[in-house]
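Listed here are the chains, written in short residue letters.
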Amino acid sequence: MIAKEPLNVKRVGAGRIPLAPIRKWLLIGTALGFLGVFILIPLLVVFTEALKKGIELYFAALKDVDALAAIKLTLMTAAIVVPLNAIFGVIAAWAIAKFEFKGKNILITLIDIPFAVSPVIAGLVFVLLFGSQGVFGPFLETNNIKIIFSIPGIVLATIFVTFPFVVRELIPMMQEQGSEEEEAAITLGASGWQMFFRVTLPNMKWGLLYGLILCNARAMGEFGAVSVVSGHIRGLTNTVPLHVEILYNEYHFSAAFAVASLLALLALVTLVLKSLVEWKTRKNG
Amino acid sequence: MVIQSKRRRVLPGFGLSMGYTLIYLSFIVLIPIAVLFVKASTISFSEFWEIVTDKRVMDSYKLTFYTSFLAAVVNAIFGTLIAWVLVRYHFYGKRFVDALVDLPFALPTAVAGIALTAIYAPNGWIGQYFEEFGIKIAYTQIGIMIALTFIGFPFVVRSVQPVLQDLDRQYEEAAATLGASSSQIFFKIILPSIIPSVLTGFALAFARALGEYGSVVFIAGNMPMKTEIVPLLIITKLEQYDYSGAAVIAAVMLVISFLLLFLINFWQWRTARKHQVS
Amino acid sequence: MGIKIRNVTKAFGTYTAIQDINLQIQKGDFVALLGPSGSGKTTLLRLIAGLENLDAGKIFFNGIDYTAKTVKERKVGFVFQHYALFKHMTIFENVAFGLKVKPRKIRPTKKEIKEKVMELLKFVQLEHLADRYPAQLSGGQRQRIALARALAVEPEVLLLDEPFGALDAKVRQELRRWLREIHQKLNITTIFVTHDQEEALEMADTVVIMNHGKIEQIGSPEEVYEKPANAFVYSFLGKVNEFKGESLVTNFPHVKGTEEAVGYIRPHEIVLHQQSNENSIPAVVIHINKAGSTVRFELKRLDTDELFEVEMTSDHYKKQGPFHKGEILYAEFKNIVLFDRKTNSIQTEKNVQGEVVSAISSYMS
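Since the model is a prediction, treat every value here as computed from it, not as a measurement. (Residues numbered from 1 in each chain as written. Chains lettered and ligands numbered in written order. Predicted model: local features only at pLDDT ≥ 70, side-chain atom pairs only at ≥ 80, totals over all residues. Heavy atoms only, no water.)

Novice: What's the story with the overall build of chain C in this structure? I'm lost.
Specialist: What chain C contains, in helices and strands, is 12 helices and 19 strands. For chain C, the share of sequence-separated contacts (at least 6 apart) that also reach a separation of at least 24 residues comes to 64%. Total accessible area computed for chain C in this model is approximately 16,900 Å², and 49% of it derives from carbon and sulfur atoms. (Helix = DSSP H or I, 4+ residues; strand = E, 2+ residues; numbered from the N terminus. Contact = heavy atoms within 4.5 Å. Areas by Shrake-Rupley, 256 points an atom, 1.4 Å probe, with all protein chains shown as cover.)

Novice: Help me understand the overall build of chain B in this model?
Specialist: From N to C terminus, chain B includes 14 helices and 0 strands. A globule of 278 residues ought to have a C-alpha radius of gyration of about 19 Å, yet chain B, at 23 Å, is considerably larger. Seen through its principal axes, chain B has C-alpha atoms that stretch 85 × 65 × 35 Å. The buried share of chain B, reckoned over its 278 residues, is 53%. For chain B, the exposed area adds up to about 13,500 Å²; of that, 66% sits on carbon and sulfur atoms. Taking the 21 positively charged and 16 negatively charged side chains of chain B as two groups, their mean positions are separated by 12 Å. (Rg over C-alpha atoms; globule rule 2.2 N^0.38 Å. Buried < 20%, exposed > 50% of the residue type's maximum accessible area, 1.4 Å probe, protein only. Lys, Arg positive; Asp, Glu negative; His and termini not counted. Charge placed at Lys NZ, Arg CZ, Asp CG, Glu CD.)

Novice: When you look at the UniProt feature "transmembrane region" (unreviewed entry) in chain B in this model, what are you seeing that I'm missing?
Specialist: Those residues carrying the UniProt feature "transmembrane region" (unreviewed entry) are residues 21-45, 65-87, 99-121, 133-157, 185-207 and 246-267 of chain B in this numbering. Between the end C-alpha atoms of residues 246-267 of chain B there is a gap of 31 Å, over a span that is 100% helix and 0% strand. (UniProt positions renumbered as here; feature names shortened; annotations may be inferred.)

Novice: Could you clarify how one ought to interpret the sheet that holds strand E15 (residues 294-301) of chain C in this entry?
Specialist: In a beta sheet, neighbouring strands pair by backbone hydrogen bonds and run either parallel or antiparallel. Residue and element names in this part refer to chain C. What the 5 strands build is an open sheet, ordered E13-E17-E14-E15-E16; its pairing is antiparallel. The sheet is open, and its two borders are formed by strand E13 (270-273) and strand E16 (307-313), each paired with just one other strand. Strand-to-strand twist across the sheet, computed as the mean angle between neighbouring axes with direction ignored, equals 45 degrees. Bridging between E15 and E16 involves 7 bridges; their strand directions are antiparallel. When the sheet's bridge partners are listed, Val295 is paired in E16 with Met312. (Pairing = 2+ DSSP bridges. Axes fitted to C-alpha atoms, helices over the stretch in contact; angles between N-to-C directions.)

Novice: Explain the interface of chain B and chain A to me, please; I cannot follow it from the model alone.
Specialist: By a widely used convention, the size of an interface equals the accessible area lost when the partners come together. Between chain B and chain A, the contact holds 78 residues from the first and 89 residues from the second. Here chain B meets chain A over a buried area of about 7,300 Å², counting both sides, of which 82% is carbon and sulfur. Counting the surface chain B buries against chain A, the share from its top three residues, Leu11, Trp125 and Tyr243 of chain B, is 9%. Where chain B touches chain A, the interface holds 1 salt bridge. When the shortest N-O distance is used, the salt bridge between Lys274 of chain A and Asp102 of chain B registers 2.3 Å. Here chain B is connected to chain A by 6 residue pairs in polar contact (both at pLDDT 80 or more). It is helix H2 (residues 14-40) of chain B that provides the largest number of residues to the side of chain B that touches chain A, a total of 16 residues. Broken down by class, the residue content of the side of chain B that touches chain A amounts to 61 nonpolar, 13 polar and 4 charged. (Buried area = accessible area lost by both parts, 1.4 Å probe. Salt bridge = Lys/Arg side-chain N within 4 Å of Asp/Glu carboxyl O. Polar contact = N/O pair within 3.5 Å; in protein donor to acceptor, adjacent residues only side chain to side chain. Nonpolar A, V, L, I, M, F, W, Y, C, P; charged D, E, K, R; others polar.)

Novice: Honestly, a nonpolar patch on the surface in this entry has me stumped. Any pointers?
Specialist: Residue and element names in this part refer to chain A. A surface patch of nonpolar side chains, amounting to about 450 Å² of accessible area, comprises Val269, Val272, Leu273, Leu276 and Trp279. Relative to the elements of secondary structure, Trp279 occurs in helix H13 (residues 253-284). When its relative accessible area of 40% is taken as the criterion, Trp279 is described as partly exposed. (Patch = residues over 30% accessible without salt bridge, like charges linked within 9 Å, V, L, I, M, F, W, Y side chains within 5 Å.)

Novice: What should I look at first to understand the sheet that holds strand E9 (residues 206-211) of chain C in this one?
Specialist: Residue and element names in this part refer to chain C. If you walk across this open sheet you meet the 6 strands as E6-E7-E8-E3-E9-E10, and the pairing is mixed. Looking at strand neighbours, the two that pair on one side only are strand E6 (76-79) and strand E10 (214-219), the edges of this open sheet. Taken over all neighbouring pairs, the strand axes of this sheet differ in orientation by 15 degrees on average, direction set aside. Sheet analysis places E9 next to E10, joined by 5 bridges and oriented antiparallel.

Novice: Hey, could you run me through the domain arrangement of chain C in this one?
Specialist: Residues and elements named next belong to chain C. Per the domain assignment, the segments of chain C are domain 1 (3-227) and domain 2 (236-357). For domain 1 versus domain 2, the distance between C-alpha centres works out to 40 Å. Listed per partner, the contact involves 9 residues of domain 1 and 5 residues of domain 2. On the domain 1 side of the contact with domain 2, Gln197, Ile209 and Tyr225 bury the most area, a combined 66% of that side's loss. Linking domain 1 with domain 2 are 0 residue pairs in polar contact (both at pLDDT 80 or more). Those elements giving two or more residues to the side of domain 1 that touches domain 2 turn out to be helix H7 (197-203) and helix H8 (221-226). (Domains from an automatic or database assignment.)

Novice: Explanation requested: the confidence of the model for chain B in the structure shown.
Specialist: Interpretation of the predicted coordinates at a detailed level should be avoided for regions scoring low in pLDDT. Residue and element names in this part refer to chain B. Summing up the model confidence of chain B, the mean pLDDT is 89 and the portion of residues at 70 or higher is 95%. Across chain B, the secondary-structure element scoring lowest on mean pLDDT is helix H1 (residues 2-7), at 40, and the one scoring highest is helix H7 (residues 109-120), at 96. Confidence over residues 1-7 falls short of pLDDT 50; this stretch has 6 contacts with residues more than four positions distant or in other chains. (pLDDT = per-residue confidence, 0-100.)

Novice: Can you walk me through the pattern of salt bridges in this structure?
Specialist: Proximity of charged atoms lets side chains of opposite charge pair with each other. Taken as a whole and assessed by the stated rule, the structure comprises 33 salt bridges over all chains. Residues Lys87 of chain C and Glu181 of chain A are paired through a salt bridge, measuring 2.7 Å at the closest nitrogen-oxygen approach. Linking Lys87 of chain C in the loop between E6 and helix H3 (91-100) with Glu181 of chain A in helix H9 (residues 180-187), this pair reaches from one chain into another. The class for Lys87 of chain C is partly exposed, based on a relative accessible area of 47%.

Novice: Help me understand the packing of helix H3 (residues 65-98) of chain A against helix H8 (residues 165-177) of chain A, please; the structure alone is not making it clear to me.
Specialist: The description of two packed helices rests on the angle between their axes and on the distance between the axes. Residue and element names in this part refer to chain A. Where H3 contacts H8, the two axes come as close as 8 Å, and the packing angle between them is 30 degrees. Taken together, the axis directions place H3 and H8 in an arrangement best described as roughly parallel. In terms of crossing hand, the pair formed by H3 and H8 is right-handed. Across the interface between the two elements, Asn85, Ala86, Phe88, Gly89, Val90, Ala92, Ala93, Trp94, Ile96, Ala97 and Lys98 from H3 touch Val166, Val167, Leu170, Ile171, Met174 and Gln175 from H8. Along the lines of polarity and charge, the residues of the contact of H3 with H8 split into 13 nonpolar, 3 polar and 1 charged. (Parallel < 35°, antiparallel > 145°, perpendicular 65-115°, else oblique. Left-handed = near helix turned anticlockwise from the far one by under 90°.)

Novice: It is not clear to me how the packing of helix H5 (residues 119-130) of chain A against helix H13 (residues 230-239) of chain B should be interpreted in this structure. Could you clarify?
Specialist: At a minimum axis separation of 10 Å, H5 of chain A and H13 of chain B run at an interaxial angle of 25 degrees. Relative to H13 of chain B, the element H5 of chain A lies roughly parallel. As H5 of chain A runs across H13 of chain B, the sense of the crossing is left-handed. Taking contact as the criterion, the partners of Val120, Ile121, Leu124 and Val127 of chain A in H5 of chain A are, on H13 of chain B, Pro231, Ile234, Ile235 and Leu238 of chain B.

Novice: How should H7 of chain B be read in this particular structure?
Specialist: In an α-helix, one full turn covers 3.6 residues, which means residues spaced three or four apart are oriented alike. All names here are of chain B. With 12 residues, H7 should reach 16 Å at 1.5 Å per residue; the first-to-last C-alpha distance of 16 Å fits that figure. Counting buried residues in H7 gives 12 out of 12 residues, a clear majority hidden from the surface. What H7 keeps buried is the set Thr109, Ala110, Val111, Ala112, Gly113, Ile114, Ala115, Leu116, Thr117, Ala118, Ile119 and Tyr120. (Expected span 1.5 Å × (residues − 1).)

Novice: When you look at the packing of aromatic side chains in this model, what are you seeing that I'm missing?
Specialist: Two descriptors summarise a pair of aromatic rings, namely the distance from one centre to the other and the angle between the planes of the rings. Scanning the model with the defined rule gives 42 aromatic pairs over all chains in all. Ring geometry for Phe88 of chain A against Tyr24 of chain B: centres 4.8 Å apart, planes inclined by 20 degrees, an arrangement best described as stacked. Of this pair, Phe88 of chain A sits in helix H3 while Tyr24 of chain B sits in helix H2, on two different chains. On the basis of relative accessible area, Phe88 of chain A is assigned to the buried category, the value being 0%. On the basis of relative accessibility, which here comes to 10%, the residue Tyr24 of chain B falls in the buried class. For the ring pair Trp84 of chain B and Phe186 of chain B, a centre distance of 5.7 Å and an interplane angle of 85 degrees mean the geometry is edge-to-face. Of this pair, Trp84 of chain B sits in helix H4 (residues 55-88) while Phe186 of chain B sits in helix H11 (residues 182-211), placing them 102 residues apart in sequence. Assessed through its relative accessible area of 16%, Trp84 of chain B is described here as buried. By the ring-pair criterion, three or more aromatic residues cluster together here, those being Trp94, Phe99, Phe101, Trp193, Phe196 and Phe197 of chain A together with Phe14 of chain B. Sitting over the face of the ring of Trp178 of chain C, Arg144 of chain C holds its NZ or CZ atom 5.9 Å from the ring centroid. (Phe/Tyr/Trp six-rings, centres within 6.5 Å; stacked < 30°, edge-to-face > 60°. Lys NZ or Arg CZ within 6 Å of the ring centre and 35° of its normal.)

Quick look at the structure:
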């Protein structure tokens with residue numbers, strides 16, 4: 001096409017016609033190359049390394065007593081943390097999105113704090129509070145209550161790092177929806193709870209689900225904060241990510257990647273669910 | 001009577017929900033953070049200064065800022081490019097790619113850490129080719145930067161993408177009818193409108209990188225004064241039962257993070273206001 | 001239900017939306033709250049419903065102080081500007097909502113609810129849409145469902161916020177007639193908010209004209225149109241030409257205006273002649289629009305270069321015309337009304353001969 005073009009004929013924007021597709025594919029190529037190196041290869045590495053020594057060893061690593069204990073602890077932590085933060089998210093979003101009050105922006109910024117705090121520091125603050133040298137250390141010791149290097153500490157640190165996930169999804173969504181439907185429910189004679197359960201909750205369900213998915217992924221995958229408070233006691237205070245670390249540091253690479261592949265699967269499931277919810281809300285909105 | 005009705009709000013539950021919000025927020029976030037600052041302030045200023053200016057601590061701060069900043073710069077460039085490709089071009093599998101961008105948000109950092117180490121170690125998938133030329137990636141500052149780039153780039157993509165999507169094509173068409181070339185259109189029309197979102201994404205990626213731990217510890221090598229990041233140093237101090245040392249290093253880090261958070265919020269508030277006026 | 005509003009004030013922060021308002025609404029009345037945006041009309045409606053809390057004053061329903069009553073206790077029917085239909089419920093469920101949330105003791109049975117809802121849907125002629133969701137309905141249909149939903153709880157007052165604001169012109173016409181019919185059938189006190197003066201004058205029995213949080217005038221459509229209490233009402237209800245200052249004082253010798261006055265005249269009250277007479281002012285035709293039953297002219301006064309509009313019926317134009325663009329005509333300003341610029345109230349009314357006449361009677365000529 002281009003070669004057949006007589007050289008002395010000048011067309012308007014002649015240079016742009018052959019250039020645009022080249023540039024397009026160059027940009028797409030660069031973007032995909034970057035994503036390939038930074039996303040696809042790490043994912044592939046996890047699964048190939050996990051299966052390197054055969055499928056039997058893979059499942060053996062997962063069925064190991066310590067691995068099972070870690071899985072149980074991670075599931076239990078998420079089962080406590082996610083509902084707590086979801087309830088907080090719904091209640092806080094109601095107060096912030098539906099009412100006008102002074103200091104609202106300050107409150108939102110305060111809620112955001114855990115996003116700006118390093119996970120390690122999140123763990124540290126609970127050690128300073130409940131550790132043996134911490135503020136409540138002596139008190140806890142005399143009453144024989146263990147928080148740090150124990151499950152309550154893991155739960156607390158996980159609550160902290162996943163604190164804003166649900167509420168940050170709900171606030172903008174509820175602000176956009178406004179209060180007209182709630183007002184309509186009240187003028188029709190609904191009580192506060194009737195209004196909440198029949199109108200508000202159904203309207204926030206997709207945003208809530210979205211927040212739950214993100215909150216759960218972080219709760220199950222949290223490493224830094226939990227690492228500081230857990231004490232790494234095998235079979236007792238090891239979550240799945242901590243178990244991966246221990247296996248890795250002990251040079252059980254295949255086993256480490258086998259357990260890690262569970263978390264990678266969790267991440268993939270999270271992405272799929274997230275996309276589904278996004279697709280669903282786009283369709284409804 | 002009048003005063004009473006003034007305080008009443010039409011929708012129910014304000015007092016209850018606000019009370020619960022403040023209590024939960026205080027117990028989970030505010031009080032623990034306050035305790036950190038209290039702990040850091042129990043020591044004298046000279047002790048504080050000694051801890052912060054200790055060579056190992058200073059090197060660790062420098063390393064963390066340096067690598068976080070460079071990673072955020074790389075992310076600003078590639079994140080914008082990916083956002084551009086996702087918004088402006090259509091190609092097979094685009095939605096799949098779009099969903100995959102969030103993987104660093106969803107993948108537990110420890111998994112990312114061991115995977116990146118396996119790739120960039122001297123005998124790793126990619127590391128071995130660099131090893132031939134005597135270039136080490138894992139266990140060096142380059143390795144740290146790669147981990148920080150991995151966890152940071154979705155911030156830029158997700159900041160820029162919606163802005164690009166909302167960008168009215170009419171401005172570009174208007175510029176084209178006025179005779180602007182495509183590079184002129186990009187630098188004079190498109191870039192000025194997306195630069196605030198690029199900077200927001202940059203700041204978010206930077207802030208995240210400063211505090212990142214899980215994905216870095218495996219690939220960093222953790223050599224004091226060379227590849228020891230601040231979060232790791234805090235853990236080391238804790239393991240030595242040096243609580244005040246850990247608290248001081250953390251408090252300095254937190255103040256910087258809060259300033260960044262404040263800056264981001266202020267920036268967003270200012271651009272939102274600018275757009276309202278125009 | 002009769003409603004009395006006494007010295008009611010409402011502010012949002014530093015902005016006063018409603019300023020010391022007094023209003024009495026009779027049982028069964030059909031009232032339009034009319035005003036430009038920001039005049040406080042929607043706030044007043046929401047105050048009546050209890051959706052806003054007032055800062056001062058009292059509201060009485062049938063003589064009983066309802067100021068401190070909650071929204072629920074007031075039992076009003078409220079139709080929201082954007083309908084506020086529950087997105088996740090079917091049309092049937094939307095209309096049934098008010099019945100289903102009643103306390104168990106007084107809640108109708110399932111069968112009764114079903115009958116009542118179907119009856120209401122039939123009433124608004126949408127029974128075939130019972131199983132649809134709000135998103136599947138047109139704007140006009142949503143509006144009717146919103147009304148059916150409000151009526152389901154048998155309110156004694158019906159409040160509508162800009163009921164036709166979001167609809168296109170044809171549907172709006174239809175629904176206006178329909179709402180009037182419904183009011184006649186049910187005879188419940190109805191108050192609606194609108195910024196469309198035509199809508200208010202056409203539908204309501206009583207028009208309340210509001211501006212800057214205050215009531216400018218209350219009266220029947222005829223009263224407010226024919227006897228506007230002040231300059232604002234005059235200019236808000238229909239098209240108007242405004243003259244003030246120099247051009248009013250020196251160039252309308254017959255009007256005896258002062259510097260403090262502002263003169264208004266409606267386009268159809270200006271008479272055009274092809275020959276000059278003692279009271280006419282020469283003007284050049286800028287534009288003629290002959291579409292429709294009224295012919296509209298835009299003219300420019302030769303003395304002051306001011307633009308003004310004139311209207312006449314097309315029959316009249318056929319007798320007098322044709323006029324052409326650029327032609328010089330002589331305009332007679334028959335019924336210019338003067339308002340005091342400071343107080344906005346009527347100053348004097350004078351006709352061509354300088355005699356004081358009742359402006360009201362001559363407007364209609």
